[in-house]
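In case you want the letters, here they are:
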Amino acid sequence: MENEYNKWYHPYKPATKYNKKVAYFSMEFGIDQSFNIYSGGLGFLAGSHMRSGLELKQNMIGIGMLWKYGYYDQARNDDQTLKTEFNEKHFDFLEDTGIEVEVKLHDNPHVKVRAYVLKPEVFGTVPMYFLTTDVEGNDYLSKTITNYLYDNNEVTRVSQSIILGIGGAKVVEALGGADTYHLNEGHALPAFYYLRDQGVKKNQMVFTTHTPERAGNEEREARHLNRCGFFGRSLSEEELQKETVNGGMLNYTISALRMAKKANGVSKLHAIVANDMWKEYEGVSEIIPITNAQNQKFWQDEEIKKSWLAKDDKTYKTRKIELKKELFEEVYKQTGKRFDPNVLTFVWARRFAGYKRADLLLHDLERFEKLISNEKYPVQIIWAGKPYPYDFYAIDTFNHLVNHSKGNSNLAVLIGYEIGLSKKLKCGSDVWLNTPRITREASGTSGMTAAMNGSVNVSTNDGWIPEFEIDGENSFVLPELDQYLPAWDQDNFDAGNLYEILENKVIPTYYNKPKKWQDIVFKAMDGVIPEFTTTRMADDYYKKLF
């Protein structure tokens, strides 16, 4: 069967200002609930970008991985604590392009990689190509490389980068090549090495860095990477020397910054933090800010949008109650607890990671108990999110919250935090809690989609928040503290300030000044649209980066 997608093809004529051919590489894409091959924010962001690419008629394609077991499925043990399950996925909406390339991995010179296409009409994205090694003719070990997103085995993890990078670059070549190669985070770094050898120039390579966490910037032993086939060929000792930092290590981010003509951080604050992080390394490209955003059409509830445009409080309230009821059905289904749609509802939902502090509200248990048992001003709290399947510290926090909320009828911890539930939580909450330790959250896009649906941000002043917040007018922001304080002290200050803000500002405003609350809700929407929509962001990438 002849497939027009085995060459560079779009079902539309690209808009003149977006005519440049861009290949966008990402380890994960969050596009639709039924296509669950993503872990969290990085994927949600990439998915929104691909949707806006289509809406703006950009000449872009996505290159990703077809994870056989996805990321993982969140289930519960018999005591309700977290259980990680790996179930095989089937995606009938993908089509085989017939494109198959070979990549050299370790001592195997012929690992086959097949590309499947996700056509624009399926979910409303630019054309996207997903790679798999689960191919006839590969040995058993090679077939398993694309089993799990962020595999826990180091060697498999390196192989995944090589498949996405070099396999992806070869697929783009088979499609006819691109003008610009864009790496969303360092996972696909081997693409840059391979492309450089193919004569692709520095001014065709761009890079987005996402994490101000040192640990989140992968660093591996250069000799080992060389043996694995990371560079697309075997580098000599001398060539290898040039690539290393910190005594024989190769840092993915530093290498990408050296090879790209230009790079970007994902908020203004993050660009400052990132430039500062890497400034002592020579040859790194400048890091400009292009603040993350989300796709409005996909994330914002239609009725909420209409009521906001008309500034119609009544329609808004009616719809918000309906959305709360929908969310509370899920709460009832999972926990057997009946939540009340007239009660102020807080949600903390995102990936469970230490620095994001899911349990910040529980730091002072006495104060927390007072907060959740106040009959005059009742509150309901929902936590949801996925820890990495082997991040036992984060899983422990999750389980701690499960155990703590069991005896309370107004506390719930939900599983299955994927696009579907994420949307319900954003539409059905009144307050969106965002509590990372300051400067550790590069951007944090969940608060944007929450604001689009009338959930008011209560947040530390990190990531995108400084660009958006007017404290008390469109959000509530914790006073800033010294980021160099010991974590223990930061947590104590922030927890104290969080109780203070909830007790004295957020809760009384919601119950005693409904008009003021409604103002805050609509002002937040004004502030987030269009500034924090991917229409603006996808345009910025073409203007400022490509």
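Since this is a predicted model, take the numbers as computed values, not measurements.

With that settled, consider the overall build of the protein. Counting its secondary structure elements, the protein contains 20 helices and 19 strands. Compactness check: the protein gives a C-alpha radius of gyration of 23 Å against a globular reference of 24 Å for 546 residues, within 12% of the reference. Buried positions account for 62% of the 546 residues belonging to the protein. Taking the intrachain contacts of the protein between residues at least 6 apart in sequence as the baseline, contacts between residues at least 24 apart amount to 73%.

Here the focus is the pattern of salt bridges. Counting across every chain of the model gives 36 salt bridges. A salt bridge links Asp-197 to Arg-233, with the shortest nitrogen-to-oxygen separation between them at 2.7 Å. Of this pair, Asp-197 sits in helix α5 (residues 190-197) while Arg-233 sits in the loop between α6 (222-228) and α7 (237-243), and the two are 36 residues apart along the sequence. For Lys-516, the salt bridge identified is with Glu-473, shortest N-O distance 4.0 Å. Highlighted residues: Lys-516 in helix α19 (residues 514-528) and Glu-473 in the loop between α17 (465-468) and β19 (476-477), separated in sequence by 43 residues.

Tallying each qualifying case throughout the model produces 38 aromatic pairs. Ring centres of Tyr-5 and Tyr-9 lie 5.0 Å apart, and the angle between their planes is 85 degrees; on these two criteria the pair is classed as edge-to-face. Considering the side-chain rings of Phe-86 and Tyr-148, the 5.0 Å spacing of their centres and the 80 degrees angle between planes classify their relative orientation as edge-to-face. With Phe-86 in the loop between β4 (82-85) and β5 (95-105) and Tyr-148 in the loop between α3 (140-143) and α4 (154-175), this residue pair connects regions lying 62 residues apart in the sequence.

Another point: helix α11 (residues 302-309). Residues of α11 that are buried: Ile-304, Ser-307 and Trp-308. When α11 is viewed along its axis, its buried side chains cluster within an angular range of 100 degrees and face the same direction. Among the structural elements, α10 (296-299), α12 (313-335), α16 (446-452) and α19 are those in contact with the buried residues of α11. Of the residues that open α11, the one with a side-chain oxygen 3.2 Å from the backbone nitrogen of Glu-303 is Asp-301.

Quick look at the sheet that holds strand β2 (residues 60-65) now. Taken together, 9 strands build an open sheet; the order of strands is β5-β6-β7-β2-β1-β8-β9-β12-β13 and the sheet is mixed. Each edge of the open sheet is held by one strand with a lone partner, namely β5 and β13 (287-289). The mean inter-strand angle of the sheet, taken between neighbouring strand axes irrespective of direction, is 25 degrees. Here helix α9 (residues 268-278) sits on the sheet and contacts β12 (262-265) and β13; the angle it forms with β13, its principal contact strand, is near 170 degrees.

This paragraph deals with the side chain of Ser-267. Position of Ser-267 relative to the elements: it lies in the loop between β12 and α9. There is a polar contact of 2.7 Å between the side chain of Ser-267 and the backbone oxygen of Ala-442. Every residue in contact with Ser-267, bar those within four places of it in the chain, is listed here: Pro-289, Ile-290, Thr-291, Ala-442, Gly-463, Trp-464 and Glu-467.

Our next topic: unusual backbone geometry. The omega torsion across Ile-529 and Pro-530 is 5 degrees, close enough to zero to call that bond cis. As for its position among the elements, Pro-530 is in the loop between α19 and α20 (534-545). Despite not being glycine, His-106 has its phi angle at roughly 50 degrees, a positive value. Looking at the element boundaries, His-106 is found in the loop between β5 and β6 (108-118). Here the phi dihedral of Thr-439 falls at roughly 70 degrees; this positive angle occurs in a residue that is not glycine. Note that Thr-439 resides in the loop between β17 (431-434) and α16. The class for Thr-439 is buried, based on a relative accessible area of 15%.

Parameters at a glance
Residues numbered from 1 in each chain as written. Predicted model: local features only at pLDDT ≥ 70, side-chain atom pairs only at ≥ 80, totals over all residues. Heavy atoms only, no water. Helix = DSSP H or I, 4+ residues; strand = E, 2+ residues; numbered from the N terminus. Rg over C-alpha atoms; globule rule 2.2 N^0.38 Å. Buried < 20%, exposed > 50% of the residue type's maximum accessible area, 1.4 Å probe, protein only. Contact = heavy atoms within 4.5 Å. Salt bridge = Lys/Arg side-chain N within 4 Å of Asp/Glu carboxyl O. Phe/Tyr/Trp six-rings, centres within 6.5 Å; stacked < 30°, edge-to-face > 60°. Arc of directions from axis to C-beta. Polar contact = N/O pair within 3.5 Å; in protein donor to acceptor, adjacent residues only side chain to side chain. Pairing = 2+ DSSP bridges. Axes fitted to C-alpha atoms, helices over the stretch in contact; angles between N-to-C directions.

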